[in-house]
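# Close look at the chain arrangement
Okay, here's what each chain looks like letter by letter:
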Amino acid sequence: MSIALDDLLKRSQPRCSQMLEHLVHEGVNHKELLELMAMLPRQEFVEPAFSHLAYSPTALPIGRSQTISQPLTVARMTLWLLSYARLGRVLEVGTGSGYQTCLLAHFFNKVHTIERQKSLYVQAQERLRNMGINNVEFLHGDGHLGWPQKVQMDAIIVTAMASKVPSALTDMLKEDGILIMPIADEVPSIGCWRRVGDKWKRLESAPAQFVPLLEGKVDA
């Protein structure tokens, strides 16, 4: 562990420090990412009854039968983007609580994020606005359809599991763009791919559990 990371752990609150130690132990060594995760009040992104578990290594409810992924999964996906993607424009499918969105907004010039649940969409918008984040464009819609303006993306990150990638998403990804998505297989996992022409080069993978990627949108 570097001196800088060791100092970060010493300056963090105990429960946050435990989260950071776990991330570093699992190979997340990007100092700026760790600093950002130490700064973000993760307890504000979960249901109040679970706020005391906000920094624990587990997924937690955020309402509407949705969850915020465990810190390691969020950190790993973000680290893959920082390692492989051009940090221009990114599409996030599944805004959820907005926690992953906050991380993306810090590193990318522009974030487009889609949430099918109206109540989560509204909450995430308000949450990020109150945090002063202004480079995120929100959409209440169906992630299977991609972004309606068909903007070309440098990266796409999907935070729900499916058996295949919707074609509307692959059509929006630039050449050499990065796709991160959980895939339902014999062993559910999350993968990181680079688009190379009509082919896909798998760069990273790790076991993971996610809620399913559902079609349509919910207005309630």
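Residues numbered from 1 in each chain as written. Predicted model: local features only at pLDDT ≥ 70, side-chain atom pairs only at ≥ 80, totals over all residues. Heavy atoms only, no water.

## Quick look at the nonpolar core
The biggest cluster of nonpolar side chains holds 52 residues, and the ones touching the most others in it are Leu23, Leu81, Phe108 and Ile180. Sort the elements by how many residues they give to this core and helix α4 (residues 71-84) lands first, with eight residues. Those residues in contact with Phe108 that sit more than four places away from it in its chain are Leu81, Ala85, Arg86, Leu87, Gly88, Arg89, Val90, Asn135 and Ala155. Grouped together as the second largest cluster of nonpolar side chains are 18 residues, Val93, Trp193, Val211 and Leu213 included. (Core = buried A, V, L, I, M, F, W, Y, C linked by side-chain atoms within 4.5 Å. Buried < 20%, exposed > 50% of the residue type's maximum accessible area, 1.4 Å probe, protein only. Helix = DSSP H or I, 4+ residues; strand = E, 2+ residues; numbered from the N terminus. Contact = heavy atoms within 4.5 Å.)

## As for the pairing of strand β6 (residues 153-158)
Burial analysis of β6 places six of its six residues in the buried class, which makes it a mostly covered element. Bridge analysis of strand β3 (residues 89-93) against β6 gives four bridges, and the strand direction is parallel. Note on β6: the bridge partner recorded for Val90 is Ala155. Bridging between β6 and strand β7 (residues 173-183) involves four bridges; their strand directions are parallel. Directly across from Ile157, in β7, lies its bridge partner Ile180. (Pairing = 2+ DSSP bridges.)

## What about the sheet that holds β3?
Pairing in this open sheet of seven strands is mixed, and the strands run β5-β4-β3-β6-β7-β8-β9 from one edge to the other. At either end of the open sheet lies a strand with only one pairing partner, and these are β5 (136-140) and β9 (199-207). Across the sheet, the mean angle separating the axes of adjacent strands is 15° when strand polarity is ignored. Set on the sheet, helix α6 (residues 118-130) makes contact with β4 (110-115) and β5; between it and β5 the angle comes to about 165°. (Axes fitted to C-alpha atoms, helices over the stretch in contact; angles between N-to-C directions.)

## Focus on the packing of aromatic side chains
Under the definition given, this model contains one aromatic pair. Relative to Tyr99, the ring of Phe45 has its centre 5.3 Å away and its plane inclined at 75°; by these criteria the two rings are edge-to-face. Note that Phe45 is positioned in the loop between α3 (31-39) and β1 (60-63) and Tyr99 in helix α5 (residues 99-107), a separation of 54 residues in sequence. A cation sits over an aromatic face here: Arg42 above Tyr99, 4.8 Å from the ring centre. (Phe/Tyr/Trp six-rings, centres within 6.5 Å; stacked < 30°, edge-to-face > 60°. Lys NZ or Arg CZ within 6 Å of the ring centre and 35° of its normal.)

## Here we look at the pattern of salt bridges
Counting across every chain of the model gives four salt bridges. Where Asp154 meets Arg86, a salt bridge forms, and the shortest distance between an N and an O atom there is 3.0 Å. Taken together, the residues Asp154 in strand β6 and Arg86 in the loop between α4 and β3 connect sequence positions 68 residues apart. Given a relative accessible area of 6%, Asp154 falls into the buried group. Looking at Arg86, the relative accessible area reads 38%, which means it is partly exposed. Note that Glu137 is salt-bridged to Lys110, the shortest N-O span being 3.9 Å. Taken together, the residues Glu137 in strand β5 and Lys110 in strand β4 connect sequence positions 27 residues apart. Overall, Lys110 belongs to the partly exposed group, its relative accessible area being 26%. It is possible to trace a salt-bridge network through shared partners that takes in Arg86, Asp154 and Lys174. (Salt bridge = Lys/Arg side-chain N within 4 Å of Asp/Glu carboxyl O.)

## Details of α6
Given a rise of 1.5 Å per residue, 13 residues ought to cover 18 Å, and the 18 Å separating the end C-alpha atoms of α6 matches this to within 8%. Every buried residue of α6 is listed here: Leu120, Tyr121, Ala124, Arg127 and Leu128. Angular distribution of buried residues about the axis of α6 spans 135°; they occupy a single face of the element. Opposite the packed face of α6, turned more than 90 degrees from it, sit the exposed residues Arg129 and Asn130. Among the structural elements, β1, β2 (66-68), α5, β4 and β5 are those in contact with the buried residues of α6. In the stretch just after α6, Gly132 is the one whose phi turns positive, near 80°. (Expected span 1.5 Å × (residues − 1). Arc of directions from axis to C-beta.)

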